Structure formats: C-alpha cells, structure tokens
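Results of the structural survey
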Amino acid sequence: MALDPNDVRGVCDYMNDPSMADHMCFMAEKLAGAELESTVMLIDITESTGVFTIEKNGETREVSIPWTFPVTNRDDMKSALFALLDKALLG
C-alpha cells in the first residue's frame, strides 16, 4: 500500500520547519551517526523508514532510519517520527 504523497510532503515540510531543526539533528546524531552541527532534512517517508539527508561542511549523505512500527497514514508518520525521537532520547 503506497502512502499518500500529499501526506508524506506535509509531514516532511512540518519536520523540516526551522523550529524542528534541533529535534531533527538530535535524532540524526543519535540514530544515524550525524556529526554535531549538521543540517538534517527529512526527504521521504516509506512504510518502513524515514529517509534523511545529513549535510555538514558541504558533504551530504542520505540515510534511512527504520521506524519502530510500519506506517500507513499521516498520523502513523507523525507517531513514528516522535517514536524515533523517544528512541534517541532513551538510547
């Protein structure tokens, strides 16, 4: 089952808002090995992963971080992202 592209774009836009930058960086540092002061963007969402770009000093890499559960809709996407934040906080 494909995710609604409008939902994916909406959640990506929400997470890429400057007000979420600290949360995104913290998640990427803890779960994807991003360096401090990296720029992190959520670029895609699939049923099983969030796809992020991590940029620092002109070098960009793409990483997929698996969700803690499969997502099927917009509410699941938001819940999965905040579950990753919890995972990053709790180690």
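A brief structural summary. (Residues numbered from 1 in each chain as written. Predicted model: local features only at pLDDT ≥ 70, side-chain atom pairs only at ≥ 80, totals over all residues. Heavy atoms only, no water.)

A few words now on the sheet that holds strand S2 (residues 49–56). Reading across the sheet, the 3 strands line up as S1-S2-S3 and stay open at both edges, with antiparallel pairing between neighbours. Both edges of this open sheet fall to strand S1 (39–45) and strand S3 (59–66), since each of them pairs with a single strand only. The average angle at which neighbouring strand axes cross in this sheet is 25°, direction not considered. Note that S1 and S2 share 6 bridges and pair antiparallel. Note on S2: the bridge partner recorded for Thr-39 is Glu-55. Lying over the sheet, helix H2 (residues 21–32) contacts S1, S2 and S3, oriented at roughly 80° with respect to S1. (Pairing = 2+ DSSP bridges. Helix = DSSP H or I, 4+ residues; strand = E, 2+ residues; numbered from the N terminus. Axes fitted to C-alpha atoms, helices over the stretch in contact; angles between N-to-C directions. Contact = heavy atoms within 4.5 Å.)

Take the packing of helix H1 (residues 5–15) against helix H3 (residues 74–90) next. It is the contact of H1 with H3, at a shortest axis distance of 9 Å, that shows an interaxial angle of 35°. Seen from above, H1 lies across H3 with right-handed handedness. Note on element contacts: H3 touches H1 through Arg-74, Met-77, Lys-78, Leu-81 and Phe-82, opposite Asn-6, Asp-7, Val-8, Gly-10, Val-11, Tyr-14 and Met-15. Residues belonging to the contact of H1 with H3 are distributed by class as follows: 7 nonpolar, 2 polar and 3 charged. (Left-handed = near helix turned anticlockwise from the far one by under 90°. Nonpolar A, V, L, I, M, F, W, Y, C, P; charged D, E, K, R; others polar.)

In short, shape yes, function no, at least from these values alone.
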